[in-house]
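In case you want the letters, here they are:
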Amino acid sequence: MTHVEDELTSQPACWERAAAEAAEHAAVLPEPGERVAIVGCGTSYFMAQAAAALREGAGQGETDAFAASEFPHGRAYDRVVALTRSGTTTEVLDLLARLKGLTRTTAVTADPDTPVREAADALAVLGYADERSVVQTRFATTALTLLRAHTGLHPATAAADARTALTEPLPEGLVECGQFTFLGRGWTVGLANEAGLKMREASLSWAESYPAMEYRHGPISVTTRGTATWMLGDAPDGLAEQVRGTGALWIEGRLDPLAELVRAQRLAVAVAASRGLDPDSPRHLTRSVILP
């Protein structure tokens, strides 16, 4: 078993622990009414998108998400939350250093014994979700689960759905597809973005992601036989029929959307295996981007 396979199968237990311990981290996480920015790089940025949409949608305060390198320093925030598995990513550390003494910062990390300890004002440590793999799976979804539980939006069924996602066979014909499109709405747009990234990282697949309603505005033109369109969350009316009409494979999101992301992670590993690729050694990637 590859590292990434081992780590993605441990997600239900990680989520249960994160949800159970959310209250212990409450003091360093955003309070209702605060104006918040959540930042990250790569996978962590996409989790930030999902978390921001969840928090603002729950009426807990204006919440934005940014890639750490694109943070708008002209805007005022009560708190900035940085998601960083390694605690060493250059763009995140540079941003936290620039915000020091100006804006309260919290880093959600897997490794506190890294430069992020000094860079952030406070830490929420998820050491049990750390990973050996380059490709992120359990840390990202566990960090999102922590933020989801902190806002009171983590359903009790999520971990059970994740176990279902790990045991049910993937849809017939899906691994053989040559192109994959992932769709989301609201907070699941971030999950769709992450699903597409997993496919590109682990299996070198042609993979795209869009807000579901935007998909009709051009991207559907590449949908045809031998491609797959996967909806994370509830689909807009009529979209499934429209995709099936192109000859493409339509994948309905039946489980909790975060559990659907687990299914997409499994797909990335399965496609990698079918192509003779090692998902633990993705091309041109390192576990953390550290710039000179």
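That block above? That's the structure.
As the structure is a prediction and not an experimental result, all values here were calculated from the model. (Residues numbered from 1 in each chain as written. Predicted model: local features only at pLDDT ≥ 70, side-chain atom pairs only at ≥ 80, totals over all residues. Heavy atoms only, no water.)

Enquirer: Where do I start with the overall build of the protein chain in this structure?
Expert: When helices and strands are tallied, the protein chain shows ten helices and nine strands. Taken against the 2.2 N^0.38 rule, which gives 19 Å for 292 residues, the C-alpha radius of gyration of the protein chain at 18 Å falls within 12% of a compact globule. The C-alpha extent of the protein chain, read off along each of the three principal axes, is 55 × 40 × 35 Å. A total of 292 residues make up the protein chain; the buried ones form 59% of that total. In the protein chain, once contacts between residues fewer than 6 apart in sequence are set aside, the share between residues at least 24 apart is 71%. When the accessible surface of the protein chain is split by element, carbon and sulfur atoms take 51% of a total near 11900 Å². Counting 26 positive and 37 negative side-chain charges, the protein chain places the averaged centre of each group 1 Å from the other. (Helix = DSSP H or I, 4+ residues; strand = E, 2+ residues; numbered from the N terminus. Rg over C-alpha atoms; globule rule 2.2 N^0.38 Å. Buried < 20%, exposed > 50% of the residue type's maximum accessible area, 1.4 Å probe, protein only. Contact = heavy atoms within 4.5 Å. Areas by Shrake-Rupley, 256 points an atom, 1.4 Å probe, with all protein chains shown as cover. Lys, Arg positive; Asp, Glu negative; His and termini not counted. Charge placed at Lys NZ, Arg CZ, Asp CG, Glu CD.)

Enquirer: How do you make sense of the nonpolar core when you look at a structure like this?
Expert: A general feature of soluble globular proteins is that nonpolar side chains tend to end up buried together. Residues Val108, Leu144, Phe180, Phe182 and Leu191 are the most contacted members of the largest nonpolar core, which totals 63 residues. With nine residues, the top contributor of residues to this core is helix α10 (residues 257–274). Formed by 17 residues, the second largest nonpolar core is a distinct cluster that contains Tyr77, Leu99, Ala119 and Ala120. (Core = buried A, V, L, I, M, F, W, Y, C linked by side-chain atoms within 4.5 Å.)

Enquirer: What's the story with the side chain of threonine 137 in this structure? I'm lost.
Expert: Take threonine 137: it is sitting in the loop between β5 (122–125) and α6 (138–150). Overall, threonine 137 belongs to the buried group, its relative accessible area being 1%.

Enquirer: Honestly, the sheet that holds strand β4 (residues 104–109) in this entry has me stumped. Any pointers?
Expert: Strand pairs in the sheet, formed through backbone hydrogen bonds, run parallel or antiparallel to each other. Strand order in the open sheet formed by five strands is β2-β1-β3-β4-β5, and the pairing between neighbours is parallel. Here the strands that pair on one side only, and so sit at the sheet edges, are β2 (63–67) and β5. Strand after strand, the sheet turns through a mean of 20 degrees between neighbouring axes, direction not considered. Inspection of the sheet shows strand β1 (residues 36–40) paired to β2 by five bridges, in the parallel sense. Opposite glycine 40, over in β2, you have alanine 67 as the bridge partner. Sitting on the sheet, helix α4 (residues 90–99) touches β1, β3 (79–84) and β4, and the angle it makes with β3 is about 160 degrees. Strands in contact with α6 are β3, β4 and β5; relative to β4, the strand with the most contacts, it is inclined by about 135 degrees. (Pairing = 2+ DSSP bridges. Axes fitted to C-alpha atoms, helices over the stretch in contact; angles between N-to-C directions.)

Enquirer: I tried to follow the pairing of β2 on my own but got confused; where do I start?
Expert: Two faces belong to every sheet, and in a regular strand the side chains alternate between them. Burial of β2 is extensive: four of the five residues sit out of reach of the surface. Considered for its hand, the β-α-β crossover made up of β1, helix α3 (residues 43–57) and β2 is right-handed. (Right-handed = clockwise from strand over helix to strand, strands pointing away.)

Enquirer: Explain the environment of threonine 109 to me, please; I cannot follow it from the model alone.
Expert: Looking at the element boundaries, threonine 109 is found in strand β4. Relative accessible area serves as the criterion here: at 0%, threonine 109 is assigned to the buried category. A sequence separation of 26 residues divides threonine 109 from leucine 83, and the C-alpha atoms of the two residues are 6.3 Å apart. Not counting chain neighbours up to four residues away, the residues in contact with threonine 109 comprise Thr84, Arg85, Ser86, Gly87, Val116, Leu123, Ala124, Val125, Leu126 and Phe139. A polar contact of 2.9 Å, which involves the side chain of threonine 109, links it to the backbone oxygen of threonine 84. (Polar contact = N/O pair within 3.5 Å; in protein donor to acceptor, adjacent residues only side chain to side chain.)

Enquirer: Explain α6 to me, please; I cannot follow it from the model alone.
Expert: Side chains three or four residues apart in an α-helix point the same way, a direct result of the helix having 3.6 residues per turn. For α6, built from 13 residues, the straight-helix expectation of 18 Å at 1.5 Å per residue is met to within 8% by its first-to-last C-alpha distance of 18 Å. With twelve of 13 residues buried, α6 lies mostly within the body of the structure. Buried residues of α6: Arg138, Phe139, Ala140, Thr141, Thr142, Ala143, Leu144, Thr145, Leu146, Leu147, Arg148 and Ala149, and no others. Looking one or two places after α6, you find glycine 152, whose phi comes out positive at around 80 degrees. (Expected span 1.5 Å × (residues − 1).)

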